[in-house]
Amino acid sequence: MLKMNKISCVYQTDLIETHALRDIDLNVKAGEFVALTGPSGSGKTTLLNLSGLLESATSGTYLLDGEDVSSLSDRQRSSIRNEKIGFIFQSFNLIPDLNLFDNVDVPLRYRAMGIEERRRRIENALELVGLSSRMKHLPSQLSGGQQQRVAIARALAGEPKFLLADEPTGNLDSLMARQVMELLEKINSEGTTIVMVTHDPELARRAHRSIELLDGQISSTQLFGVSAEEPDEKTEAESVA
């Protein structure tokens, strides 16, 4: 699903050069649930953004679902994001003036998709996260955990192959965090590949594999479970730069 080779990312200004990632080698198999961990500033979010084609690497190659996406145009990257990748953010990013149905509909409107197909996907996604009875509610009428479930529904309505989650439980209490994590595990069990950034060791252990980053490099990898496809030898022993 995802294969990176010697990926580096350097941010430059007139006065300073910052190496966010250094020679990252990473394989994620279809159906895996991978957690990215590490201290603040270690490169987790940069790696997630590169995975989701929100940023470009300075060097290295990146294959997503078998396609080399290392040097695509902005329009091509946007098309792949919309068709293959779902995003879940810590801050929910819901539009406050739109009800749940319309919030989930927003990314689908950028596709050449009929209204009935969009409606089917929206209703199915909201039913999956347990909010089908509230689709006409505004985000302000929901709890934080419910808003995060709407954000998950919005990502799932696009039927992505690959789901990226950046601290999806960071703004939630422990009970709501467990509920969101259980939902992500259910989605993964049905075949969706997930890469999640988290600072919580307990949540990381619920993934199939945890990859720790330190100073822009992979410092260690731990296996916790078995993914839909057994990781190959290179996946089990991630290259440490």
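See the structure above.
Note that the coordinates shown come from a computational prediction; the quantities given were computed from them, not determined experimentally. (Residues numbered from 1 in each chain as written. Predicted model: local features only at pLDDT ≥ 70, side-chain atom pairs only at ≥ 80, totals over all residues. Heavy atoms only, no water.)

**Student:** Describe the nonpolar core, and please don't skip the residues or the numbers.
**Tutor:** Counting residues in hydrophobic clusters, the biggest one holds 36 residues, and the most contacted among them are L126, I152, L163, L184 and M196. Sorting the residues of this core by element identifies β3 (33-37), α3 (100-105), α4 (115-128), α5 (144-157), β7 (162-166), α6 (174-189), β8 (193-197) and α7 (201-204) as the ones contributing at least two each. Per element, the largest residue contribution to this core is 6 residues, and it comes from α5. Ignoring anything within four residues of it in the chain, the contact list for L184 reads F33, I88, I152, L163, P168, I194 and M196. Counting residues in hydrophobic clusters, the runner-up holds 29 residues, among them L21, L36, L47 and I211. (Core = buried A, V, L, I, M, F, W, Y, C linked by side-chain atoms within 4.5 Å. Buried < 20%, exposed > 50% of the residue type's maximum accessible area, 1.4 Å probe, protein only. Helix = DSSP H or I, 4+ residues; strand = E, 2+ residues; numbered from the N terminus. Contact = heavy atoms within 4.5 Å.)

**Student:** Kindly report on the pairing of strand β4 (residues 59-64), identifying the contributing residues and their values.
**Tutor:** Relative to β4, strand β1 (residues 2-12) runs antiparallel, the two sharing 5 bridges. Residue pairing for β4: K3 is matched across the bridge by L63. Bridge analysis of β4 against strand β5 (residues 67-68) gives 2 bridges, and the strand direction is antiparallel. From the neighbouring strand, L63 faces β5, where its bridge partner is D68. The hairpin formed by β4 and β5 contains 2 residues between the paired strands, and D65 there has a positive phi angle of roughly 55°. (Pairing = 2+ DSSP bridges.)

**Student:** Please set out the side chain of Q148 residue by residue, giving values where relevant.
**Tutor:** Here Q148 lies in helix α5. Those residues in contact with Q148 that lie beyond four places of it in its chain are I88, F89, Q90, F92, P168, L172 and V180.

**Student:** Mind laying out the sheet that holds β7, listing which residues take part and the relevant values?
**Tutor:** Spatially, 6 strands are ordered β6-β7-β8-β3-β9-β10 in an open sheet, and the strand pairing comes out mixed. Since the sheet does not close on itself, it has two edges, and those belong to β6 (85-89) and β10 (217-223), each with one partner. Here the average twist between neighbouring strands, direction ignored, is 20°. Looking at chain direction, β3 and strand β9 (residues 209-214) are connected through 4 bridges and run parallel. Among the inter-strand pairings, V34 is bridged to a residue of β9, identified as R209. Strands β3, β6, β7, β8 and β9 of the sheet are contacted by helix α1 (residues 44-51), whose axis makes an angle of about 155° with β7. Of the strands in this sheet, β6 and β7 touch helix α2 (residues 74-84), which is tilted by about 80° from β6. (Axes fitted to C-alpha atoms, helices over the stretch in contact; angles between N-to-C directions.)

**Student:** Could you give me a rundown of the packing of aromatic side chains, with the residues and numbers involved?
**Tutor:** As enumerated under the stated definition, the model contains 1 aromatic pair in all. An angle of 0° between the planes, with centres 6.0 Å apart, marks the rings of F87 and F89 as stacked. Taking the ring centre of F101 as reference, the NZ or CZ of K136 above it sits at 4.9 Å. (Phe/Tyr/Trp six-rings, centres within 6.5 Å; stacked < 30°, edge-to-face > 60°. Lys NZ or Arg CZ within 6 Å of the ring centre and 35° of its normal.)

**Student:** Provide a residue-level description of the environment of E55, including the pertinent values.
**Tutor:** With respect to the element layout, E55 can be found in the loop between α1 and β4. In this structure the C-alpha to C-alpha distance between E55 and C9, which are 46 residues apart in sequence, comes to 9.2 Å. The contacts of E55, once residues within four sequence positions are left out, are C9, Y11, T46, N49, L50 and R77.

**Student:** Describe in detail the environment of R206, supporting the description with residues and values.
**Tutor:** Examined against the element boundaries, R206 turns out to sit in the loop between α7 and β9. Residue classification places R206 among the partly exposed positions, given a relative accessible area of 25%. Distance from R206 to E182, taken between C-alpha atoms, is 9.4 Å for residues 24 residues apart in sequence. Discounting residues that sit within four places of it in the chain, R206 has contacts with R178, M181, E182 and E185. Within polar-contact distance, the side chain of R206 engages the side chain of E185 at 2.9 Å. (Polar contact = N/O pair within 3.5 Å; in protein donor to acceptor, adjacent residues only side chain to side chain.)

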